[in-house]
Amino acid sequence: MERLYVLQQVVSQGVFTHTLTSPSATVSQTFFSHRHHSNLMVMEILLVRHVTPEVAVTVKLASSFTPYSKDIDFQAAPDYRGGSHIQGRTHNPEFPEGPRPTVHLIWTPIPSTLTLQPGQSQDHWSFILAVAGSFDMAKSSFDEGLNLMATGFLRRSHEKAWEEVWLWSKVEVTGSEHLLKAVIGCMFYILSAFPSRHDTNSFFGGISPGGLSNGSDAQDYWGHVFWDQEIWINPTVALFYPQLARAVLEYRVRTIDGAKYNAQKQGYEGLKFGWQSAVSGREMCPVDVYGQDEIHINGDVALAFRNYYYLTEDVSMFTDGQGSQLIWGVADYWLSRVTWCPDDQKYHLLGVMPPDEYYDNVNNSVYTNTVAKLSLQFAVELADLLEHPEPKEWQDVADNFQIPFDQESLYHPEFEGYSKGYPVKQADAVMLSYPLGLSMLPEIRRNDLEAYEIATDPHGPAMTWSMFAIGWLELGKAEKAQRLLEKCFKNIQGPFQVWSESSDGSGAVNFLTGMGGFLQAVVFGYSGFRVQKECLAFSPLLPNDLSEVCIHGVSYLGHQLDWLFQKDEVCVTLREQKNGAASAKVCDLQVILKASGTKLPLTPGTPVKFPREPGCVCKLELSSFCWPF
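Heads up: these notes are all about the structure in this document. Because the structure is a prediction, the values reported are computed rather than measured.

1. Overview of the pairing of strand β3 (residues 25-33)
When strand β2 (residues 15-21) meets β3, the two strands line up antiparallel, connected through 6 bridges. In the strand pairing of β3, Phe16 is matched with Phe31. Between β2 and β3, which pair antiparallel one after the other, the connecting turn spans 3 residues. Relative to strand β4 (residues 40-49), β3 runs antiparallel, the two being bridged by 9 bridges. Residue pairing for β4: Thr26 is matched across the bridge by Val48. Counted along the chain from β3 to the antiparallel partner β4, the turn is 6 residues long.

2. As for the packing of helix α13 (residues 464-474) against helix α15 (residues 512-525)
Here α13 crosses α15 at 15°, and the two axes come no closer than 8 Å. It follows from the interaxial angle that α13 and α15 lie roughly parallel. Relative to α15, the crossing made by α13 is left-handed. Residues Ser466, Met467, Ile470 and Leu473 of α13 lie in contact with α15, whose contacting residues are Gly517, Phe518, Gln520, Ala521 and Gly525. Taken together, the residues that form the contact of α13 with α15 break down as 5 nonpolar, 4 polar and no charged.

3. Topic: the nonpolar core
Core analysis: the largest hydrophobic core is formed by 162 residues, its most contacted members being Leu326, Ile327, Phe518, Phe529 and Trp563. Top element by residues in this core is helix α10 (residues 366-385). It accounts for 11 residues.

4. A look at the pattern of salt bridges
Following the criterion strictly, the structure yields 19 salt bridges and no others. Between Arg156 and Glu163 there is a salt bridge, and its shortest N-O distance comes to 2.9 Å. When its relative accessible area of 34% is taken as the criterion, Arg156 is described as partly exposed. Exposure remark for Glu163: the relative accessible area of 27% places this residue in the partly exposed category. Residue Lys480 pairs with Glu453 through a salt bridge whose shortest N-O separation is 3.1 Å. Residue Lys480 is found in helix α14 (residues 478-485), and its partner Glu453 is found in helix α12 (residues 442-453); the two are separated by 27 residues along the sequence. Under the relative-accessibility criterion, Glu453 is labelled buried at 19%. Via salt bridges that share partners, Glu44, Arg155, Arg156, Glu159 and Glu163 belong to a single interconnected network.

5. Quick look at the sheet that holds strand β19 (residues 559-566)
Pairing is antiparallel in the open sheet, where 5 strands are placed in the order β11-β18-β19-β20-β23. Each of the sheet's edge strands pairs with one partner strand only, and the pair in question is β11 (170-174) and β23 (607-611). Strand-to-strand, the axes of this sheet are offset by a mean angle of 20°, without reference to chain direction. Inspection of the sheet shows strand β20 (residues 569-574) paired to β23 by 5 bridges, in the antiparallel sense. If you follow Val572 over to β23, its bridge partner there is Val608.

6. Some points on the sheet that holds strand β22 (residues 599-601)
Strand order in the open sheet formed by 5 strands is β16-β17-β24-β21-β22, and the pairing between neighbours is antiparallel. Pairing within the sheet leaves two strands with one partner each, and these edge strands are β16 (530-531) and β22. Across 3 bridges, the pairing between strand β17 (residues 536-538) and strand β24 (residues 615-619) is antiparallel. Residue pairing in the sheet places Ala537 in a bridge with Cys616 of β24.

7. Side note on the pairing of β20
Most of β20 sits inside the fold, with 5 of its 6 residues counted as buried. Bridge count between β19 and β20: 5 bridges; the pairing is antiparallel. What sits directly across from Phe565, in β20, is Val570. A loop of 2 residues connects β19 with β20, the two strands running antiparallel in sequence.

Calculation criteria
Residues numbered from 1 in each chain as written. Predicted model: local features only at pLDDT ≥ 70, side-chain atom pairs only at ≥ 80, totals over all residues. Heavy atoms only, no water. Pairing = 2+ DSSP bridges. Helix = DSSP H or I, 4+ residues; strand = E, 2+ residues; numbered from the N terminus. Axes fitted to C-alpha atoms, helices over the stretch in contact; angles between N-to-C directions. Parallel < 35°, antiparallel > 145°, perpendicular 65-115°, else oblique. Left-handed = near helix turned anticlockwise from the far one by under 90°. Contact = heavy atoms within 4.5 Å. Nonpolar A, V, L, I, M, F, W, Y, C, P; charged D, E, K, R; others polar. Core = buried A, V, L, I, M, F, W, Y, C linked by side-chain atoms within 4.5 Å. Buried < 20%, exposed > 50% of the residue type's maximum accessible area, 1.4 Å probe, protein only. Salt bridge = Lys/Arg side-chain N within 4 Å of Asp/Glu carboxyl O.

Here it is in structure tokens:
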């Protein structure tokens, strides 16, 4: 008997197939989580005969499913429309006196055998599972699944939804098949963790490093949300899908009460987002030191809000969506958390854990201080935009934050007292230029990259080398960048392009954080895209083994842009607007080239070509340029 496993990501749109072939028949078992109806999971079985039609062909189905969970107290419930039904509550609330969420599962029963009757050349069977937090939602999803089965549109509606995803946005590279497969896999798995663009009713609980929770297994982080969501996973999603990026922000807004509780518990003002967050927003990290000290999470969250606004100018997120309360709450936290040092006339952050978790209780983490400074600056900017009176201390602290810098070696030490060459777990100080956007000379950028490349743990988390690759692309060293990016391939496990957290296969699986970093190296690295206050800057550079990179569906100020980057030429096409396509105020756009100052208006449907050089896309009335170097 021959056995085959296939993940059809492009042709059949996110369908996993297990096929068994014998002399008498071929049976294919297909699984998918429905892309459009996110509460539905589907199994389909196709049985095709090879022998004479006078003989019945029977296959046995072995089901190991039992309604048991270490985390949920399941109880049998009355069947619904021929489907088995169980319901339950979590054994424990997130915090004392907190709610215990409910869950309902309704599924079509699985028979012990399936038979292809004499005279039939083939037949297929469909089985569905509806999962929801309420019985009404579970019933509605199950009803929809039954209706789709009855009309024969169950699988086709799923495939159609994925086709729409790829038509909306796609990243393609020419010259490296293994890079292309990795990119498609990353896009597929990350987008699978988000709801459909059309799904406005589902509760979105954020993105965890390992995707869906694996129950009580700490290896997959219990499904909790970390900085991974804002810094590693969301940037590429926001560039293509502002609606999905807004779902990330709305998740954080719903956790404001929990963040306020965290800050008060630590003795500070404002909001302190949990290092590990779930539904309530209260700190869920089982190890106190991370929840207490890894406070850069606050700035990471604020940075996602800032970048969303720069990409969309969607003010409603900060008024009706309460984003302004979050940004100002973060600013108030920094005011209460900093310490004024009269010796250097600077504000310090003492006793923190940087992104490099090999160290704790350090002072003035360069990453933490920089991202805190950025969030304070955005708080001031947002207050001015909304004509809200802001404390003058926000600007004062932002202007006078201590940002560690070694004048002798001309590089940024990770924190006060860091010794150059000491071991580093993961990307930290190398993230100052990207994604934080800290302005620095190319010499200093190079020094940072060189200092930390030799010190970084080669077995550290998967996303680290993508940041080094982006850094070297900024400096024009495409081949150096490509060699570092290829280190990420050690974390990709065949045959389904599944990422492990560590290169030896250990850690969280499927590691969306590593995928997010990898996608940023491709999307932001090769293109040089940088999200700025008044423009989307670009500075493309391709390694020798790539002849072109196509980035379709970049969303900027309510428009969609299709980009083609080649060795010596760039082509950008502004898509023609469709009814309902824009999610923000639509503005006329132009390309401004840095070296020549040439201005190229963008007309919908008309490709605009120009020599490969840095430039930016901005509104027609803007004349300044915003590339960081």
